[in-house]
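Close look at the chain arrangement
So you can see what is in the structure, the chains are spelled out below.
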Amino acid sequence: MLAVIAGTGLLPKEVSDHQVKRPLICAMEGSEPDCVDAEISFRIEHLGSFLARLQAAGVTEVCLAGAVSRPPIDPTAIDAATMPMVPVIQAALGAGDDGALRAVMGLIEQAGFTLRAAHEVAPELLMEEGIASQVQPGALDRADADRGAEVVAAMSAADIGQCCAIRARQAIAVENVFGTNWMLQSLSQRPDGQGGILFKAPKPGQDRRADLPAIGPLTVELAAKAGLSGIVLEAGGVIVLEQEEVIAACNRLGLFLWLRAA
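Here the residue numbering is sequential within each chain, running from 1 through the sequence in written order. Per-residue local features are limited, in this predicted model, to residues with pLDDT of at least 70; the limit for side-chain atom pairs, both in listing and counting, is 80 or more; totals at the level of whole chains, interfaces and linings are taken over all residues. The side-chain numbers reported here are obtained from all heavy atoms of the structure, hydrogens and water having been left aside.

**Observations regarding the packing of aromatic side chains**
Rule in force here: The rule is short: rings of Phe, Tyr and Trp, with Trp giving its six-membered ring, pair when the centres are within 6.5 Å, and they are stacked under 30 degrees, edge-to-face over 60, tilted in between. Relative accessible area decides the class of each residue, using a 1.4 Å probe on protein chains only: under 20% of the type maximum gives buried, over 50% gives exposed, and in between gives partly exposed. Should the NZ of a Lys or the CZ of an Arg lie within 6 Å of a ring centre and within 35 degrees of the ring normal, that charge is described as sitting over the ring.
Throughout the structure, instances matching the rule amount to two aromatic pairs. On the numbers, 3.9 Å between centres and 10° between planes, the contact of Phe42 with Phe50 is stacked. With respect to burial, Phe42 and Phe50 carry one shared label: buried. Centroid distance Phe178 to Trp182: 5.1 Å. Interplanar angle 40°. Geometry classified as tilted. We classify Phe178 as exposed; its relative accessible area is 57%. The ring of Trp258 carries Arg142 above its face, with NZ or CZ at 4.6 Å from the centroid.

**Topic: a nonpolar patch on the surface**
Applicable threshold: For patch detection, residues must exceed 30% relative accessible area and be free of salt bridges, and they are connected within 9 Å for like charges or within 5 Å for nonpolar side chains (Val, Leu, Ile, Met, Phe, Trp, Tyr). With residues, only the protein chains shown are counted as cover, and all accessible areas are computed by Shrake-Rupley using a 1.4 Å probe. Take a side-chain nitrogen of Lys or Arg and a carboxyl oxygen of Asp or Glu: if they are within 4 Å of each other, that pair is a salt bridge. Comment: elements are numbered from the N terminus, with helices defined as DSSP H or I runs of at least four residues and strands as E runs of at least two.
A contiguous nonpolar surface patch, about 380 Å² in accessible area, is contributed by Val177, Phe178 and Trp182. In this structure, Val177 sits in the loop between β8 (170-174) and α7 (179-185).

**A word on the side chain of Asp141**
Formally: Charged-residue counts in this description rest on Lys and Arg as positive and Asp and Glu as negative, His and the chain ends being excluded. It only takes one pair of heavy atoms within 4.5 Å for two residues to be counted as in contact.
Counting through the fold element by element, Asp141 comes out in helix α6 (residues 139-157). Buried charge Asp141 goes without a salt bridge, the closest partner of opposite sign being Arg142 at 7.5 Å. If we skip the residues at most four places from it in the chain, Asp141 touches Ile197, Ser229 and Phe256.

Have a look at this one:
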């Protein structure tokens, strides 16, 4: 049986909708999903009890899907089943995003569950390599894509983000803790005019069982408002939500959508 620990955004719903048998939807307090209804909610201080509850329900596989924020911990609320996990949880909350995620994933695996990536349980979420839009990228766009891959690789070393905006081989914006949408909105008053690309890819070497980057129709809308010419995604490394709507939005707004080989 599959349990989805759901955060915000469309991904938990798409993962659930692609399953033959509905998974058990769970949520951590403070990061409740906005597109699906959680059947079980838990506090981070009760993680041990929550995992025991999953075992009792017959869950064998766990998928992390959606955005979550780091919760504050109330030491007085930690239950007995979670107490042995406290050193790992404390270290995780003080680590970068990748470190925190790896620590939580490790605790789930130690409890006997198999971690499954969203694109493993719903492979349809990944698009094939190629250009999915009517508009085609030009030579300058391809050069910007090469530069985008270099920038994301450099960002990875600092655990900053998974996307950037590039124009004329210069980074005009990079993703930070506020996410892709905020980055794109920050370009609304860009002083360099129009053009450039949004480049998105996983961090080199990241564990792809969770936190794989994703886009949806809103990403396309915001990229167009930011004056960008197209979107470049690493093929096989970026989830595309509501794919038909994404392609239609690109065609309507005159952007290209390129699934580029790594």
